Amino acid sequence: MIRGFLAAHPLALDVFIAALYLVPSILGTFLVSWSGPPTAAEIVLLVLTVVTGAALLARRRQPAVLFAIATALLGASVFLGRDVDVVPTLFALYALAVYRSIRSAWVAFAITSAVTVAMLTAEVLLA
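### Quick look at the packing of aromatic side chains
Evaluated as defined, the whole model comprises 1 aromatic pair. Look at Trp-106 and Phe-109: their rings are 5.8 Å apart centre to centre, the planes differ by 90 degrees, and that puts the pair in the edge-to-face class. Taken together, the positions of Trp-106 and Phe-109, both in helix 6 (residues 102-126) and 3 residues apart, correspond to about one turn of that helix. Assessed through its relative accessible area of 59%, Trp-106 is described here as exposed. Judged by its relative accessible area of 42%, Phe-109 falls in the partly exposed class.

Right, dumping it as structure tokens:
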């Protein structure tokens, strides 16, 4: 019954996935800055999070765009003082495999791996 509804209403599933990502991410950002005005890094992170949530809505039509935005968020999260936000990247890799090709998903996985190694290296060097 649920699977049939989601197959008939793919936009409903996309909205659910975007909301499932956005609501905790935005609340987490606001709860962190609750003690005072948000910093510039928190504002940039919030904007990137909202853009990524919007890109999740288009994951079926533009999985490569979602991957690019999610990878930018993944790379920026280290420099913005937040834990790595890997959820949109996982959705992007899945969308690339399903809506484009397995080859594009593997290439994106290699890029994600390189970004992750660069992030870990930068985190160690900045610490």
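### Considerations on the packing of helix 4 (residues 63-79) against helix 5 (residues 87-99)
Interhelical geometry of helix 4 versus helix 5 gives an angle of 160 degrees and a closest axis separation of 8 Å. Viewed along their axes, helix 4 and helix 5 adopt a mutual orientation that is roughly antiparallel. For helix 4 against helix 5, the interelement crossing comes out left-handed. Each of Pro-63, Ala-64, Leu-66, Phe-67, Ala-70, Thr-71, Leu-73 and Leu-74 in helix 4 lies in contact with helix 5, whose residues at this interface are Pro-88, Thr-89, Phe-91, Ala-92, Leu-93, Ala-95, Leu-96 and Tyr-99. Here the residues of the contact of helix 4 with helix 5 are counted per class, giving 14 nonpolar, 2 polar and no charged.

### So, helix 3 (residues 40-57)
Here helix 3 contains 18 residues, and its C-alpha end-to-end distance of 26 Å stays within 8% of the 26 Å for a straight helix at 1.5 Å per residue. Those residues of helix 3 lying buried are Glu-42, Leu-45, Leu-46, Thr-49, Thr-52, Gly-53, Ala-55 and Leu-56.

### Focus: the nonpolar core
In a soluble, globular protein the nonpolar side chains are often hidden away together inside. If you look at the biggest cluster of nonpolar residues, it comprises 16 residues, and the most contacted ones within it are Tyr-21, Leu-56, Leu-66, Phe-67, Leu-96 and Ala-108. Counting only elements with at least two residues in this core, the list comes to helix 2 (10-32), helix 3, helix 4, helix 5 and helix 6. Take this core: its biggest share by element is 4 residues, from helix 2. Beyond its immediate sequence surroundings of up to four residues, Tyr-21 is in contact with Thr-49, Thr-52, Gly-53, Leu-56, Leu-73, Asp-85, Val-87 and Pro-88.

### Remarks on the environment of Leu-93
On the secondary structure map, Leu-93 appears in helix 5. Assessed through its relative accessible area of 15%, Leu-93 is described here as buried. A C-alpha to C-alpha distance of 11 Å links Leu-93 and Ile-111, two positions 18 residues apart in sequence. In this view, Leu-93 contacts Phe-67, Ala-105, Ala-108, Phe-109 and Thr-112; residues no more than four positions away in its chain are not counted.

Reading the values: the criteria
- Residues numbered from 1 in each chain as written.
- Predicted model: local features only at pLDDT ≥ 70, side-chain atom pairs only at ≥ 80, totals over all residues.
- Heavy atoms only, no water.
- Phe/Tyr/Trp six-rings, centres within 6.5 Å; stacked < 30°, edge-to-face > 60°.
- Helix = DSSP H or I, 4+ residues; strand = E, 2+ residues; numbered from the N terminus.
- Buried < 20%, exposed > 50% of the residue type's maximum accessible area, 1.4 Å probe, protein only.
- Axes fitted to C-alpha atoms, helices over the stretch in contact; angles between N-to-C directions.
- Parallel < 35°, antiparallel > 145°, perpendicular 65-115°, else oblique.
- Left-handed = near helix turned anticlockwise from the far one by under 90°.
- Contact = heavy atoms within 4.5 Å.
- Nonpolar A, V, L, I, M, F, W, Y, C, P; charged D, E, K, R; others polar.
- Expected span 1.5 Å × (residues − 1).
- Core = buried A, V, L, I, M, F, W, Y, C linked by side-chain atoms within 4.5 Å.

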